[in-house]
Amino acid sequence: MEPALKPSSVRNLLLRALLFIVSVFLLRFVYVITVYGGSCTASDYCLLSSQAEPLAVAGNARGSAASVSVVSAHVGLGSSATSALWTSREWRKVVEFYSAMLQDLVVEGFLSPAFKCLCVGSPSGYEVLALKEIGVSDAVGVARKRAPPLVVAGGDPLRLPFKNATFDFILVGQSQDHSKQPVDIAAEIERTLMPHGFLAVLTASAADAYSLQSLAQLFPGFINVRAREINYSDSPISLREVVFRKQEGANIVSSKSNSHTECPIHENKLQILQSAEPIIQDEPLKPWITLKRNIHNVKYLPSIADISFKQRYIYVDVGSRSYGSSIGSWFRKQYPKQNHTFMIYAIEADKAFHKEYATKKGVTLLPFAAWVRNETLTFEINNDPSKHDVEKGGGMGRIRPIGGSGSHVSTGSVSAIQGFDFAAWLKRTVTERDYVVMKMDVEGTEFDLIPRLFETESICLIDELFLECHYNRWQKSCPGQRSPKYKNTYGECLKLFTSLRNSGVLVHQWW
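Note that the structure is a prediction, hence the values are computed from the model and not measured.

Visitor: Go over the packing of helix 4 (residues 89-107) against helix 5 (residues 126-133), please, and point to the residues and values.
Guide: In the contact formed by helix 4 and helix 5, the axes pass within 8 Å of each other and the chain directions differ by 60 degrees. What the angle tells us is that helix 4 and helix 5 run oblique. Judged by the twist between their axes, the crossing of helix 4 over helix 5 is right-handed. From helix 4, Trp-91, Arg-92, Val-94, Val-95, Tyr-98, Ser-99 and Leu-102 reach across to helix 5, where they touch Tyr-126, Glu-127, Leu-129, Ala-130, Leu-131 and Glu-133. Partitioning the contact of helix 4 with helix 5 into residue classes produces nine nonpolar, one polar and three charged.

Quick look at the structure:
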């Protein structure tokens with residue numbers, strides 16, 4: 001028989017159990033204070049009165065208790081705790097910031113007290129309270145979690161809990177800046193806004209023409225009526241307010257240029273091209289050194305402009321060779337991504353490199369040759385005599401149609417490979433709402449691919465292009481003689497780069 005527990009043992013067990021329970025509640029309390037800034041909900045085992053976390057946005061602290069009382073009465077709220085929250089110093093700062101901004105919209109005719117209004121991404125309800133205080137009584141906020149009586153729960157942000165064409169005015173706060181699905185959220189905003197209704201977007205982005213154009217592309221059925229800097233005297237952060245108006249029955253509209261071989265050159269592209277590094281005009285005597293050094297002079301697009309508001313971020317490496325050739329050694333390590341995650345496509349016809357990509361996460365391999373149409377091609381490996389391990393990709397691959405001209409000099413083995421219409425694939429894979437970076441190193445085929453990209457207008461889908469142009473360079477081993485591998489001259493390469501820049505494409509000389 002087990003001996004009975006001594007009274008002291010029982011007391012110790014009870015004491016330990018009590019300490020464990022107290023520790024659990026203390027840890028929960030610390031968690032709530034840390035995460036919610038002193039606020040909680042009923043499901044959080046509240047030890048404090050429920051309130052929303054104040055934003056660090058400017059305004060003054062002269063809160064009006066009278067205006068809050070009017071609003072409280074209007075929404076039917078008698079809670080003294082909530083009234084005290086609304087009159088707190090932090091709340092008044094934020095609410096009065098929004099009030100000043102919204103009053104300007106009333107003066108400019110973009111907002112009216114008679115409007116039915118929605119605030120998207122408003123977890124605390126500051127914007128809603130500000131609307132009610134300036135006389136817009138029919139206003140509500142929507143967020144993942146409700147904050148009554150100002151904010152209703154939206155649950156899925158990709159499906160707002162409102163009928164089509166419900167609101168006259170929608171305000172979108174900075175939640176759009178951090179959204180991973182901005183296009184889907186924009187579609188919901190378009191659905192719930194009435195024709196001719198106004199949309200105001202408050203953002204920390206859109207400071208440059210490129211970012212502003214990207215934001216506008218999220219709302220193709222809208223016109224941009226005004227953009228301004230919010231610059232109140234005591235504001236600690238810089239914000240921009242962009243106002244759009246919805247067009248009745250408007251569809252996606254894209255600008256068309258005068259020529260089918262050119263992209264529309266908007267102000268955003270002009271600003272970027274003016275900031276780009278110059279093209280090297282004179283043929284380098286030592287191109288291997290000059291072009292490699294030139295990569296340090298490149299003005300990357302993300303270093304010039306804000307690349308927010310894009311649907312997806314995509315890198316296409318045409319002629320990728322091994323993973324370490326450019327994807328691993330350059331793009332993933334050096335290209336400035338502004339904290340965005342990129343989808344990566346590697347296009348490489350040389351079978352010697354295919355096995356390696358099977359182990360690389362986040363990289364989709366297209367084991368074909370980028371070409372102007374779908375057809376079987378000859379694929380030539382120009383072996384480097386100094387590299388004997390052909391299986392590791394010692395040579396560089398060139399493609400040409402079967403039965404094509406044999407005017408070029410063959411320096412290696414030739415085999416059959418499947419080519420695909422690269423321009424058509426690009427148009428199927430990406431859209432103007434995506435951010436697309438491309439590197440192209442295709443051993444002379446650029447003189448076929450680039451014209452095809454212009455012909456199909458696929459070139460307009462590329463935001464930034466790193467292009468290696470192959471020409472009859474001076475040979476290292478035979479001073480004074482040019483390489484017979486390529487028939488094109490440096491002057492023709494220069495024309496190719498110039499035509500791309502003149503058409504609004506940010507292109508850089510790759511090596």
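Visitor: Would you mind going over the confidence of the model for the protein chain in detail, with residue names and values included?
Guide: Averaged over the protein chain, the pLDDT score is 79; the fraction of residues at 70 or greater is 73%. Taken as a whole, residues 384-395 scores under 50 in pLDDT and shows 17 contacts with residues more than four places along the chain or in a different chain.

Visitor: So, the sheet that holds strand 1 (residues 117-120): which residues are in play, and what are the values?
Guide: Spatially, the seven strands line up as an open sheet ordered 3-2-1-4-5-7-6, and their pairing is mixed. Only two strands of the sheet have a single partner each, and these edge strands are strand 3 (151-153) and strand 6 (222-230). The mean angle between the axes of side-by-side strands here comes to 20 degrees, regardless of whether they run parallel or antiparallel. Judged from the three bridges that link them, strand 2 (residues 139-143) and strand 3 form a sheet pairing that is parallel. Looking at strand 3, one finds that Gly-141 is bridged to Val-151. Contacts between helix 7 (residues 209-217) and the sheet are confined to strand 5 (193-203), strand 6 and strand 7 (239-246), with strand 7 contributing the most and set at about 35 degrees to the helix.

Visitor: Run through the sheet that holds strand 10 (residues 363-366), naming residues and quoting values.
Guide: Here six strands make up an open sheet; going across it, the order is 10-9-8-15-16-17 and the pairing parallel. Of all the strands in the sheet, just strand 10 and strand 17 (506-509) have a single pairing partner and so form its edges. In this sheet, neighbouring strand axes are inclined to one another by 15 degrees on average, regardless of whether the strands run parallel or antiparallel. Relative to strand 16 (residues 464-467), strand 15 (residues 435-440) runs parallel, the two being bridged by four bridges. Bridge pairing links Met-438 to Leu-465 in strand 16. Where helix 14 (residues 446-455) meets the sheet, it contacts strand 15 and strand 16, and its direction lies at approximately 155 degrees from that of strand 15.

Visitor: Could you give an account of the pattern of salt bridges, naming the residues involved and the relevant values?
Guide: One pass over the structure, following the stated rule, counts 18 salt bridges. Between Lys-246 and Glu-190 there is a salt bridge, with the nearest N and O atoms lying 3.4 Å from each other. In this pair, Lys-246 is assigned in strand 7 and Glu-190 in helix 6 (residues 182-192), connecting sequence segments 56 residues apart. The exposure class of Lys-246 is buried, given its relative accessible area of 8%. Ionic contacts of the salt-bridge type, sharing partners, join the residues Asp-104, Glu-108, Arg-226, Arg-228 and Glu-241 into one network.

Conventions and cut-offs
- Here the residue numbering is sequential within each chain, running from 1 through the sequence in written order.
- A pLDDT threshold of at least 70 governs which residues receive local features in this predicted model, and a stricter bar of 80 or more applies before side-chain atom pairs are shown or counted, although totals over entire chains, interfaces and linings include all residues.
- To get the side-chain values, all heavy atoms of the structure are used, and hydrogens and water are removed first.
- As a rule, the C-alpha atoms of each element are fitted with a line to give its axis, helices using only the stretch in contact, and angles between N-to-C directions run from 0 to 180 degrees.
- Numbering goes from the N terminus for both helices and strands, where a helix is a DSSP run of H or I of at least four residues and a strand is a run of E of at least two.
- Oblique is the label for any angle not under 35 degrees, not over 145, and not in the 65 to 115 range, which are roughly parallel, roughly antiparallel and roughly perpendicular in turn.
- Here is the rule for handedness: rotate from the far helix to the near one, and if that takes an anticlockwise turn smaller than a right angle the crossing is left-handed, while a clockwise turn gives right-handed.
- Pairs of residues are marked as contacts when any of their non-hydrogen atoms sit within 4.5 Å.
- Note that Gly is not counted as nonpolar here; it falls among the polar residues with everything else outside the nonpolar set of Ala, Val, Leu, Ile, Met, Phe, Trp, Tyr, Cys and Pro and the charged set of Asp, Glu, Lys and Arg.
- By definition, pLDDT measures how confident the predictor is in each residue, and it falls between 0 and 100.
- When DSSP finds two or more bridges between two strands, those strands count as paired.
- In what follows, salt bridge is the name for a side-chain nitrogen of Lys or Arg lying within 4 Å of a carboxyl oxygen of Asp or Glu.
- Three labels apply to residues, based on accessible area from a 1.4 Å probe with only protein chains included: buried if under 20% of the type maximum, exposed if over 50%, partly exposed otherwise in between.

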